[in-house]
Amino acid sequence: MSEGETGRGTGSAFLYVGMVAAIAALGGLLFGYDTGVISGAILYIQRDFPMDAATQGFVVSAVTLGALVGAMSAGTLADRIGRRPTNIAAGLIFVLASLVSALAPSVSTLVAGRFLVGCGIGLTSVAAPMYIAEVAPARIRGTLVSGFQLAVTLGILGAYLIDEALAAAGGWRWMLGMAMAPGLLLVVGMLPMPESPRWLVESARDADARAVLTQVRGGADVTSELAEIRSDLAREGAGSWGDLLGHEARGPLVVGIGLAVFQQVTGINAVIYYAPQIFQSAGFESDTVALAATVGIGVINVLATFIAIWLVDRAGRKPLLVAGVLGMVVALAVLGLAFRDAAAGTAGELGDITVVCLALYIVFFAFSLGPIVWLMISEIFPYRIRAQAIAVSTAANWGANFLVSMSFPLLRADLGSAATFFLYAALGVATLAFVVLRVPETKGKTLEEIGRFWA
Ligand code: BGC
């Protein structure tokens, strides 16, 4: 471990780097808000713009498709213009896109606005974790990048609450427009933030890199940390998209893409996007009760993320992943059994079991696959391929998200709830095997040490 990383973590340095991470994490707030807000808004959008089921699906999923495009563009952008301007660009897109969505005079403008929102989400989901990981000291990198996931969960909860508050007035334009405020905050907040020292070294701006590193390490001597970054980049040289196909990229890419896809195919967004419907099918017929239970899920999602913030740099990434995914599998299997027995007419307590299982499932996700996937995607790649590889892994995450959220209602209609939850549980077992066999532990290592691990 380099000198700048050891023993020099003065309180003020941690405070400063914590603030840098918190500003970048505003992108996560928008990510969570904008993916969560549509479930409530769509009910009222339909009143103003009557539409068929296919168009409705399009309004809802335009964000995910936009995120795919945004994520793919983010790699090139982050390498060309820098990590900081890429985060600022995401903020600008959020402001513009929220305005277009809120004022949309027609369905097609609304779809365009939501697609643009998605582009902002895609950009931020690549650029924010990458930027935070590149400025963070190794020993608190896990905590700081988990702050991004905390922001995502706060955004989702905020969306649930605002949807509820504005429901009576049917105020979908306000629901969608509200995202302008954190978007603006992201732009203004990022302006005075430093550029990533790693990007500065690569851009041959060594003096700037030294100044930034000294600032984020609280005035410590950063000579050896700088030398480590420099020698790493000199050995690796500048990367390109073609390098992703090379032999050296295979190991980390399998881990990055694998984690990204497993985070989604274990069903998280079936719960996050469709919780009210799941509660209703478990017997909570009233809308108010189903929505209140959903807000409860949102609160638990926020609170359980603190377990990761606390433990990810202490216990490490793998133990949390293994414990969390194991818990998710058990919760899903019990849920599947409960729905199967209810379908067979033998159970009466489906509602209670559903509440408990969904709450536990969220707790286990929130301290494992939720934060740690974004963290590991931002830290496992060697610098040479980092921006492109993060972009590809993140795009895979959005692609899988799209498939799962589109297919959940169909699966439930065709196979039934029990088989659908069993399917997610089986994919959880596959996730567990993947984590145990393929994922390396990265706790406490510098990004350069992790990069060298693959060579
Ligand atoms: C996932 C999202 C999910 C959210 C739930 C994130 O890590 O990428 O798809 O909706 O967690 O908290």
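Scope of this entry: the structure provided in the associated data block. (Residues numbered from 1 in each chain as written. Predicted model: local features only at pLDDT ≥ 70, side-chain atom pairs only at ≥ 80, totals over all residues. Heavy atoms only, no water.)

Things to note about the overall build of the protein
- The secondary structure content of the protein amounts to 20 helices and zero strands.
- Its C-alpha atoms give the protein a radius of gyration of 22 Å, near enough to 23 Å, the size a compact globule of 455 residues would have.
- Across its three principal axes, the protein shows a C-alpha extent of roughly 70 × 50 × 40 Å.
- Across the 455 residues of the protein, 57% fall into the buried class. (Helix = DSSP H or I, 4+ residues; strand = E, 2+ residues; numbered from the N terminus. Rg over C-alpha atoms; globule rule 2.2 N^0.38 Å. Buried < 20%, exposed > 50% of the residue type's maximum accessible area, 1.4 Å probe, protein only.)

What to know about helix α19 (residues 417-438)
- Taking 1.5 Å of rise per residue, the 22 residues of α19 would be expected to cover 32 Å, and the 31 Å separating its terminal C-alpha atoms lies within 8% of that figure.
- Along α19, the residues that are buried comprise Ser-417, Ala-418, Thr-420, Phe-421, Tyr-424, Ala-425, Gly-428, Thr-431, Leu-432, Phe-434 and Val-435.
- Packing partners of the buried residues in α19 comprise α12 (247-265), α13 (268-281), α15 (317-343), α17 (369-379) and α18 (383-414). (Expected span 1.5 Å × (residues − 1). Contact = heavy atoms within 4.5 Å.)

Thoughts on the pattern of salt bridges
- Per the stated rule, a full pass over the model turns up 15 salt bridges.
- Here Arg-386 and Glu-134 are joined by a salt bridge, their closest N and O atoms 2.6 Å apart. Residue Arg-386 is found in helix α18, and its partner Glu-134 is found in helix α5 (residues 107-135); the two are separated by 252 residues along the sequence.
- By relative accessible area, Glu-134 is classed as buried at 0%.
- Across the pair Arg-452 and Glu-228 runs a salt bridge, and its minimum N-O distance is 3.2 Å. Separated by 224 residues along the polypeptide, Arg-452 in helix α20 (residues 447-454) and Glu-228 in helix α11 (residues 223-236) bring together distant segments of the chain.
- Taken together, the shared-partner salt bridges in this structure form one network comprising Asp-79, Arg-83, Glu-134 and Arg-386. (Salt bridge = Lys/Arg side-chain N within 4 Å of Asp/Glu carboxyl O.)

Some remarks on a nonpolar patch on the surface
- Taken together, the side chains of Val-299, Leu-303 and Phe-306 make up a nonpolar region of the molecular surface, amounting to roughly 270 Å² of accessible area.
- Inspection of the secondary structure puts Leu-303 in helix α14 (residues 287-311).
- When its relative accessible area of 55% is taken as the criterion, Leu-303 is described as exposed. (Patch = residues over 30% accessible without salt bridge, like charges linked within 9 Å, V, L, I, M, F, W, Y side chains within 5 Å. Areas by Shrake-Rupley, 256 points an atom, 1.4 Å probe, with all protein chains shown as cover.)

Some thoughts on the packing of aromatic side chains
- Using the criterion set out here, one finds 13 aromatic pairs in the structure.
- Aromatic pair Phe-262 and Phe-434: ring centres 5.2 Å apart, planes at 50°, arrangement tilted. Of this pair, Phe-262 sits in helix α12 while Phe-434 is found in helix α19, placing the two residues 172 residues apart along the sequence. A single burial state applies to Phe-262 and to Phe-434, both of which are buried.
- Ring pairs connect the aromatic residues Tyr-274, Phe-339, Phe-408, Phe-421 and Tyr-424, which therefore count as one cluster. (Phe/Tyr/Trp six-rings, centres within 6.5 Å; stacked < 30°, edge-to-face > 60°.)

Describing the site of the ligand
- Around the ligand, the neighbouring residues are Phe-31, Gln-149, Thr-153, Ile-156, Gln-263, Gln-264, Asn-269, Asn-301, Phe-365, Gly-370, Trp-374 and Asn-401.
- The separation between an oxygen atom of the ligand and a polar side-chain atom of Asn-269 is 2.6 Å.
- A distance of 2.9 Å separates an oxygen atom of the ligand from a polar side-chain atom of Trp-374.
- Coverage of the ligand by the protein amounts to 100% of the 310 Å² it exposes when considered alone.
- Looking at the shell around the ligand, the elements with two or more residues in it are α6 (141-167), α12 and α17.
- A total of three residues in the shell around the ligand trace back to one element, the largest contributor, which is α6. (Near = heavy atom within 4 Å. Polar contact = N/O pair within 3.5 Å; in protein donor to acceptor, adjacent residues only side chain to side chain.)

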